[in-house]
Amino acid sequence: MAQASNYNLDQKFDFTAPVKKVIFFLGGLGAVLLLIGIIAAAFGGHHGAGEEGGHAFHWTKRLYANLWINNVYFTGIAIIGVFFFAIQYAAQAGWSTALLRIMISFGNWLPIAAVLMLATFFIANHDLFHWTHSYIFDINDPQYDRIIDGKGNFFYWPMEKGSFPIFYIVRMVLFFGFWIFFFNKLKNLSLEEDINGGTSYWYTIRKWSAIFLVFFAVSSSVSAWDWVLSIDTHWFSTLFGWYVFASWFVAGLSAITLVTIFLKDQGYLEMVNQNHIHDLGKFVFAFSIFWTYIWFSQFLLIYYANIPEESVYFIERLSSDVYGPYIFVNIVLNFVLPFLVLMTRDAKRHNIFLKLVCTLIIFGHWVDFFLMVQPGTLGHNGGLGLMEVGMLLVYGAAFAFVALSNLSKKNLVPKNHPMLEESYHHHI
Amino acid sequence: MERDKHFILGIFDDEDILLSAVKEVRAAGVKIHEVFSPYPVHGLDEELGYTRSRLPIAAFLFGLLGTTLALTMQFYMMKFDWPMIIGGKDHAAFPDFIPVTFELTVLLAAFGMVGVFMISSNLKPWAQPRIFDLRSTDDKHVMAIDIASNGSVDLEQIKSALKASGATEVNSKSFE
């Protein structure tokens, strides 16, 4: 009983001034907080025990660490948008058709993220990455480090260890290059489908999605080693790639859910009903548990075996006055809260619960990255203060602006997608 | 309670006709005993006026029981009954208990849910299933209407309501 639907398929998201104002306000608030944080750190922070290994602690180091946390985090949310888009095609999913443009819009952040990431790396390298010091690789130097020397080729090959980290930079450029290429390819194919129609685009997008997913499977893991794991250069964890991916994925799903609910509240996407929202809620719920599973798998083995070179990672965090409490904030926000609140069907079908949980999850996974980056870079000089909150708001606002302004440029619904009709009748 | 014995069956070819028929027959004041279909029909539960299953509540409670049981068991064994030091940890090393707790929670939730489902659906091994029409396992949808529970409605009225709503056949079925 297929009935002709009278949905407006040519609808476009109008990025109105009030919405922009809210985003600019949040970004501005973040900038002010960031500035206050910097001033407080620059003029008031010297009386503490700022000595660490003979180097005086400088506030710029904390600024760089903050840049790095948000670079990695928002790159993740952006690429998860493209990843989730590709998954829909690879899985031949029909339910999500009306949401595809939201997912792919996140990818517009990738070029900006690439520039920010490279720039931050070159400005901050010694302050963030211990392995960038050349004396580590000099066997005659008293600070020679045999373990890092053994891992040196991972950064410097084929050049001499301690010189220019060519292999590392090439990987970063390649990953971003391919991610941006795949993002543009998928986006353009999807937009061309709007004009020309037919089913051939769907098959072409599925093919490109499959290729992208294979590339992403490898690159997401390696990028996690490069950008996050290498901060704690001595330490290693074999599931770190999936851990970072899981964190990205939950945050990205929460962002997709929030944008979907926001658009519905604004009166768009009338073909998206509570069944679609329910499915997004299920994804957030399920992958929150997946993240917990990965987090705990990493923790339990290290805790149980209690090998010093492994357990140092958790001792740095759990026994620290600065970071200890945030371990529990991390688990409560990213596991206990979504697990208990989103367990029932009703919670996943009511926007208010999803808005609350998804917002807290986006903050919660930022805390996760905060805990991955800061202890290894700042030690006891770190913390969650005005600088951290400010930087998160600045990045969040910038990300939201880029994603939403690109979303407003083209049709909100892929109107010639062969499975659009199936999406209308989604029922669970 | 004695089981109902006499039924009127409406046979339907098409799921869309079935869905509208369920709506019409119920609107005519007839109580539907059950609808049998070869495959799940979306929206049929709502049309039949079924309330949501309470099975998830049972699953949650059994899961909670599993969690409690697992933690109690491990704390009792490791702290009081036979304290052992493993890997230099405290007797009651909470993180060590999580895997067993997780497994028992899943196990009891799953078994409990299956058990409750079997009991509430009367799926005991010795149950004698009543076959209303064998074709409901092939290509027909069968709507069964219990005559006894529709005491006030005239039989002919039920039959004509079924016919009017698109049933290809209207049959009677009695069980011993």
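Residues numbered from 1 in each chain as written. Chains lettered and ligands numbered in written order. Predicted model: local features only at pLDDT ≥ 70, side-chain atom pairs only at ≥ 80, totals over all residues.

## A word on the overall build of chain B
So, step 1. Counting secondary structure elements, chain B contains 5 helices and 4 strands.
So, step 2. In chain B, the succession of helices and strands from N to C terminus is β-α-β-α-α-α-β-α-β.
So, step 3. In terms of overall size, chain B is more extended than a compact globule, its C-alpha atoms giving a radius of gyration of 25 Å where 176 residues would be expected to give roughly 16 Å.
So, step 4. With the principal axes as the frame, chain B shows a C-alpha extent of 80 × 35 × 30 Å.
So, step 5. Expressed as a percentage of its 176 residues, the buried residues of chain B come to 18%.
So, step 6. In chain B, the proportion of contacts linking residues at least 24 apart, taken out of those at least 6 apart, comes to 79%. (Helix = DSSP H or I, 4+ residues; strand = E, 2+ residues; numbered from the N terminus. Rg over C-alpha atoms; globule rule 2.2 N^0.38 Å. Buried ≥ 20, exposed ≤ 12 C-beta atoms within 10 Å, placed from the backbone. Contact = placed C-beta atoms within 7 Å.)

## Some thoughts on the packing of helix α9 (residues 240-265) of chain A against helix α14 (residues 351-377) of chain A
Residue and element names in this part refer to chain A.
So, step 1. Contact pair α9 / α14: the axes reach a minimum separation of 9 Å and the direction vectors enclose 145 degrees. As α9 packs across α14, the resulting crossing turns out to be left-handed. Only N351, L354, K355, C358, T359, I361, I362, H365, D368 and F369 of α14 make contact with α9, whose side of the interface consists of S247, V250, A251, S254, A255, T257, L258 and I261.
So, step 2. Classifying every residue of the contact of α9 with α14 gives 10 nonpolar, 6 polar and 2 charged. (Axes fitted to C-alpha atoms, helices over the stretch in contact; angles between N-to-C directions. Left-handed = near helix turned anticlockwise from the far one by under 90°. Nonpolar A, V, L, I, M, F, W, Y, C, P; charged D, E, K, R; others polar.)

## A short note on the domain arrangement of chain A
Residues and elements named next belong to chain A.
So, step 1. Here the domain parsing of chain A yields domain 1 (17-45 + 56-129 + 165-424) and domain 2 (130-164).
So, step 2. Measuring from the centre of the C-alpha atoms in domain 1 to the corresponding centre in domain 2 gives 31 Å.
So, step 3. With 10 residues of domain 1 at the contact, the number on the domain 2 side is 13 residues.
So, step 4. Secondary-structure elements contributing two or more residues to the side of domain 1 that touches domain 2 are α4 (110-128) and α7 (166-196).
So, step 5. A per-element tally of the side of domain 1 that touches domain 2 places α7 first, with 3 residues. (Domains from an automatic or database assignment.)

## Description of the interface of chain A and chain B
So, step 1. Of the residues lining the interface, 7 residues belong to chain A; the matching set on chain B comes to 8 residues.
So, step 2. For the side of chain A that touches chain B, the per-class residue count stands at 5 nonpolar, 2 polar and no charged.

## Observations concerning the UniProt feature "transmembrane region" (unreviewed entry) in chain B
Residues and elements named next belong to chain B.
So, step 1. Within the UniProt annotation, "transmembrane region" (unreviewed entry) is assigned to residues 57-77 and 97-120.
So, step 2. Between the C-alpha atoms that bound residues 57-77 there is a distance of 30 Å. The span itself is 100% helix and 0% strand.
So, step 3. Annotated as residues 97-120, this span is 100% helix and 0% strand, and its ends, taken at the C-alpha atoms, are 34 Å apart. (UniProt positions renumbered as here; feature names shortened; annotations may be inferred.)

## Section: the sheet that holds strand β4 (residues 169-174) of chain B
Residue and element names in this part refer to chain B.
So, step 1. The 4 strands are arranged β2-β3-β1-β4 in an open sheet whose pairing can be described as antiparallel. Each edge of the sheet is formed by a strand with only one pairing partner; in this case those strands are β2 (34-36) and β4. With strand direction ignored, the average angle separating the axes of adjacent strands in the sheet is 25 degrees.
So, step 2. As defined by bridge partners, β2 adjoins strand β3 (residues 141-146) across 3 bridges and the pair is classed as antiparallel. Within β3, the residue paired with V35 across the bridge is M143.
So, step 3. Helix α1 (residues 15-27) contacts β1 (6-12), β2 and β3 of the sheet and is inclined by roughly 135 degrees relative to β1. (Pairing = 2+ DSSP bridges.)

## Details of unusual backbone geometry
Residues and elements named next belong to chain A.
So, step 1. Each neighbour pair has its own omega, and for W157 with P158 the value is 5 degrees, a cis peptide bond.
So, step 2. Locating P158 in the fold gives a position in the loop between α6 (153-156) and α7.
So, step 3. Notably, N306 is not glycine yet its phi reads approximately 55 degrees, a positive angle.
So, step 4. Its place among the elements puts N306 in the loop between α10 (274-305) and α11 (308-318).
So, step 5. By C-beta crowding, N306 is classed as exposed, having 11 other C-beta atoms within 10 Å.

## Things to note about the pairing of β1(B)
Residues and elements named next belong to chain B.
So, step 1. Among the 7 residues that make up β1, 5 are buried, leaving the element largely enclosed by the rest of the structure.
So, step 2. By the bridge criterion, 6 bridges tie β1 to β4 in an arrangement that is antiparallel. Within β4, the position partnered with F7 by the bridge is K173.
So, step 3. Bridging between β1 and β3 involves 6 bridges; their strand directions are antiparallel.

## Observations regarding the domain arrangement of chain B
So, step 1. What the domain assignment reports for chain B is domain 1 (6-50 + 143-174) and domain 2 (55-120).
So, step 2. Between the C-alpha centres of domain 1 of chain B and domain 2 of chain B the distance comes to 46 Å.

## Some details on helix α2 (residues 59-90) of chain A
All names here are of chain A.
So, step 1. Across its 32 residues, α2 extends 46 Å between first and last C-alpha, which sits within 8% of the 46 Å expected from 1.5 Å per residue.
So, step 2. Burial analysis of α2 places 29 of its 32 residues in the buried class, which makes it a mostly covered element.
So, step 3. Two residues or fewer after α2 comes Q92, characterised by a positive phi angle close to 55 degrees. (Expected span 1.5 Å × (residues − 1).)

## So, the nonpolar core
So, step 1. Of all hydrophobic cores here, the largest spans 117 residues; its most connected members are A:I77, A:V82, A:M103, A:W109, A:V250 and A:V284.
So, step 2. Among the elements that make up this core, the one with the highest residue count is α2(A) (20 residues).
So, step 3. For A:M103, the contacting residues outside a window of four places in its chain are A:G81, A:F84, A:F85 and A:I256.
So, step 4. Core analysis: the second largest hydrophobic core is formed by 18 residues, B:L18, B:V142, B:I145 and B:A161 among them. (Core = buried A, V, L, I, M, F, W, Y, C linked by C-beta atoms within 7 Å.)

## Re the packing of α9(A) against α10(A)
All names here are of chain A.
So, step 1. Their axes nearest at 9 Å, the elements α9 and α10 cross at an angle of 160 degrees. It follows from the interaxial angle that α9 and α10 lie roughly antiparallel. The element α9 and its partner α10 pack so that their crossing is left-handed. Along its contact with α9, which presents W242, Y243, A246, S247, F249, V250, L253, S254, I256, T257, T260 and I261, the element α10 presents I277, L280, G281, F283, V284, F287, S288, F290, W291, I294, W295 and Q298.
So, step 2. Taken together, the residues of the contact of α9 with α10 sort by class into 17 nonpolar, 7 polar and no charged. (Parallel < 35°, antiparallel > 145°, perpendicular 65-115°, else oblique.)

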